[in-house]
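The chain contents come next:
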There are 2 protein chains.
Amino acid sequence: MSEHIVSKYDEELNDVARRIAEMGGMAERLVDVAVGSLMRLDTDTARAVIADDKKLDVLQRECEERAIMIIARRQPMAMDLREVIAAQRIASDLERIGDLAKNIAKRVIALDGQFQSKRFNTGVEHMAQLSLAQLKDVLDSYATRDVEQAYQVWKRDEEIDAMYTSLFRELLTYMMEDPRNITFCTHLLFCAKNIERIGDHATNIAETVHYVVTGQVLAEDRPKQDDSSTTAVAYEQN
Amino acid sequence: MSEHIVSKYDEELNDVARRIAEMGGMAERLVDVAVGSLMRLDTDTARAVIADDKKLDVLQRECEERAIMIIARRQPMAMDLREVIAAQRIASDLERIGDLAKNIAKRVIALDGQFQSKRFNTGVEHMAQLSLAQLKDVLDSYATRDVEQAYQVWKRDEEIDAMYTSLFRELLTYMMEDPRNITFCTHLLFCAKNIERIGDHATNIAETVHYVVTGQVLAEDRPKQDDSSTTAVAYEQN
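Predicted model, so just to flag it, every value in this text is computed and none were measured.

This paragraph deals with the UniProt feature "domain: PhoU" (unreviewed entry) in chain A. Residue and element names in this part refer to chain A. UniProt feature "domain: PhoU" (unreviewed entry): in the numbering of this structure it lies at residues 20-108 and 124-209. Helix and strand shares over residues 20-108 are 94% and 0% respectively, and the end C-alpha atoms of the span are 28 Å apart. Summarising residues 124-209: 93% helix, 0% strand, and an end-to-end C-alpha distance of 28 Å.

The following block contains the structure:
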């Protein structure tokens, strides 16, 4: 293989890695801004999130096309093949994180003018901070190929899931307290579910980082456990 | 290329197609059984869905590995490359449909013993029938490479989305009527959202079938429109 071909190949691999880094930054920003717009019920910002998510979709499609061309033309083996597969998977997770941020933004628009109370927001904001920290850490672990940092992200997903389950209960209780809370709290529940899923995608990326560095699939059972789907709150008449 | 190599290659492609067909049948069954268990609040059946979803995950992982090996070793071009990429994408959509069915099944377990009313179920059951019909049609269109049938599925996704938006309103109304309905209707809302997302995955598969047959990305704007995220119901005191 001539040096020219090798360096062109490296360039292609670096180009995909650069796009992933760009997508990662964009996904973090979309989640942060979407949650901010929810906390302040700021519909203008929410509309900007919806528009920006399209750019992430375009980047993902480009990443996928480039990865496929590399596999088809370069026949990468072992570590290189894992790199390319990992890039495809991470691009797909980041694109879905963007979709979840967009969905939060859409709900901000629905909630415009609805009855609300600041106390509803605390739990959602706290969950969002944790999910964002997970996303940031897992993107760092991908950039530096730090398999231990990826593993820590993977383990911490439990915390987000536990938070979501307790928030689910809390919001159902507000709904039972006063029917005027129902619409707002229902949308918040869906927002919280979206944030919990953002955490799941960070966990997926952690698994991908583990795979790309070690060549092994993370063997332990995934700690994730969203118990809200098995959570019920009984209504008690006062 | 020797005949031996060609026929081994065809065999590999057929093997992937067979696995997709198997996954498709399994995904349809999981959705059907999960929705059935929700209608009857049958927790034993729900538990069986949760266990069976694991098989779908294993099949998807195998499909993906085989598709990557074909791309790396055979360097497929044009139509063949599209076939392999399509197989990967469809396997991923079917795996996610299985996850959504599993999530419905988990909620059946949560709802065991909760206050409920049969009238809540009608809308969800109707939506599920439409989603299942979409899934069946799109899998047929993939098996027969029928791009027109795929296009019809793609267009019809609007109906599921409209149904979901109206169901969202209806369930919020039941919640406002009587706080004892809140837990049940909240879980039903999440089930309805899962069914709506199953429809989205059928639409993704329709786009993939279009791509594999024509080599083109469906150019029209996607008709899908889940308006529930912009839907609010105001509580009016009687």
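What follows covers the packing of aromatic side chains. In the structure shown here, the tally under the stated rule is 11 aromatic pairs over all chains. Seen in terms of ring centroids, Y164 of chain A and F168 of chain A are 6.2 Å apart; in terms of plane orientation they differ by 65°. Their pairing is edge-to-face. Within this pair, Y164 of chain A and its partner F168 of chain A are both found in helix α5 (residues 147-177), separated by 4 residues, close to a single helical turn. Given a relative accessible area of 0%, Y164 of chain A falls into the buried group. These aromatic residues form a ring-pair network of at least three members: Y164, F168 and F190 of chain A together with Y164, F168 and F190 of chain B. Taking NZ or CZ as reference, R89 of chain A lies 5.1 Å from the ring centre of Y211 of chain A, over its face.

For the rest of this paragraph, the subject is the nonpolar core. Counting residues in each nonpolar core, the largest one holds 153 residues, and the members touching the most others are I20, L38 and L94 of chain A together with I20, L38 and L94 of chain B. Ignoring anything within four residues of it in the chain, the contact list for I20 of chain A reads C63, A87, I90, A91, L94 and Y142 of chain A.

Looking now at the interface of chain B and chain A. The partner chain A presents 40 residues to the 40 residues of chain B that form the contact. Where chain B touches chain A, the interface holds 2 salt bridges. Here R89 of chain A makes a salt bridge to E64 of chain B, at a shortest N to O gap of 2.8 Å. Applying the counting rule to chain B against chain A returns 2 residue pairs in polar contact (both at pLDDT 80 or more). For the side of chain B that touches chain A, the elements supplying multiple residues, two or more each, are α2 (43-74), α3 (78-111), α5 (147-177) and α6 (182-214) of chain B. Residues that form the side of chain B that touches chain A fall into these classes: 19 nonpolar, 10 polar and 11 charged.

With that settled, the discussion passes to the relation of the copies chain B and chain A. Note on the copies: chain B fits chain A at an RMSD of 0.0 Å, the axial shift is 0.0 Å, and the rotation between them is 180°. Taken together, the turn and the small shift mark the pair as related by a two-fold rotation axis. Interface overlap between copies: 100% of the residues of chain B at the interface are likewise at the interface in chain A, consistent with a symmetric, same-surface contact.

With phi around 45°, L41 of chain A is a residue other than glycine that occupies positive phi space. Looking at the element boundaries, L41 of chain A is found in the loop between α1 (3-40) and α2 (43-74).

With that settled, the discussion passes to the confidence of the model for chain A. On average, residues of chain A carry a pLDDT of 89, and 91% of them reach 70 or more. For chain A, the element scoring lowest by mean pLDDT is α1 of chain A, at 89; helix α4 (residues 121-144) of chain A scores highest, at 96.

The N-to-C vectors of helix α3 (residues 78-111) of chain A and helix α6 (residues 182-214) of chain A enclose an angle of 170°; their axes lie 9 Å apart at closest approach. Taken together, the axes of α3 of chain A and α6 of chain A are roughly antiparallel relative to one another.

Here the focus is α5 of chain B. Here α5 of chain B is 31 residues long and its end C-alpha atoms lie 46 Å apart, about the 45 Å a rise of 1.5 Å per residue gives. Measuring from the side-chain oxygen of the N-cap residue of α5 of chain B to the backbone nitrogen of E148 of chain B gives 3.2 Å; that N-cap residue is D146 of chain B.

To continue, consider the pattern of salt bridges. Residues and elements named next belong to chain B. This structure, assessed with the given rule, holds 36 salt bridges over all chains. Ionic pairing is found between R74 and E12, a salt bridge with its closest N-O pair at 2.7 Å. Pair noted here: R74 is in helix α2 and E12 is in helix α1 (residues 3-40), with a separation of 62 residues, a long-range link. The shortest N-O distance in the salt bridge between E196 and K193 comes to 3.0 Å. You can see E196 and its partner K193 sitting in helix α6, 3 residues apart, about one turn around the helix.

Here is what the cut-offs are and how they apply
- Residues numbered from 1 in each chain as written.
- Chains lettered and ligands numbered in written order.
- Predicted model: local features only at pLDDT ≥ 70, side-chain atom pairs only at ≥ 80, totals over all residues.
- Heavy atoms only, no water.
- UniProt positions renumbered as here; feature names shortened; annotations may be inferred.
- Helix = DSSP H or I, 4+ residues; strand = E, 2+ residues; numbered from the N terminus.
- Phe/Tyr/Trp six-rings, centres within 6.5 Å; stacked < 30°, edge-to-face > 60°.
- Buried < 20%, exposed > 50% of the residue type's maximum accessible area, 1.4 Å probe, protein only.
- Lys NZ or Arg CZ within 6 Å of the ring centre and 35° of its normal.
- Core = buried A, V, L, I, M, F, W, Y, C linked by side-chain atoms within 4.5 Å.
- Contact = heavy atoms within 4.5 Å.
- Salt bridge = Lys/Arg side-chain N within 4 Å of Asp/Glu carboxyl O.
- Polar contact = N/O pair within 3.5 Å; in protein donor to acceptor, adjacent residues only side chain to side chain.
- Nonpolar A, V, L, I, M, F, W, Y, C, P; charged D, E, K, R; others polar.
- Least-squares fit on C-alpha atoms with pLDDT ≥ 70 in both.
- pLDDT = per-residue confidence, 0-100.
- Axes fitted to C-alpha atoms, helices over the stretch in contact; angles between N-to-C directions.
- Parallel < 35°, antiparallel > 145°, perpendicular 65-115°, else oblique.
- Expected span 1.5 Å × (residues − 1).

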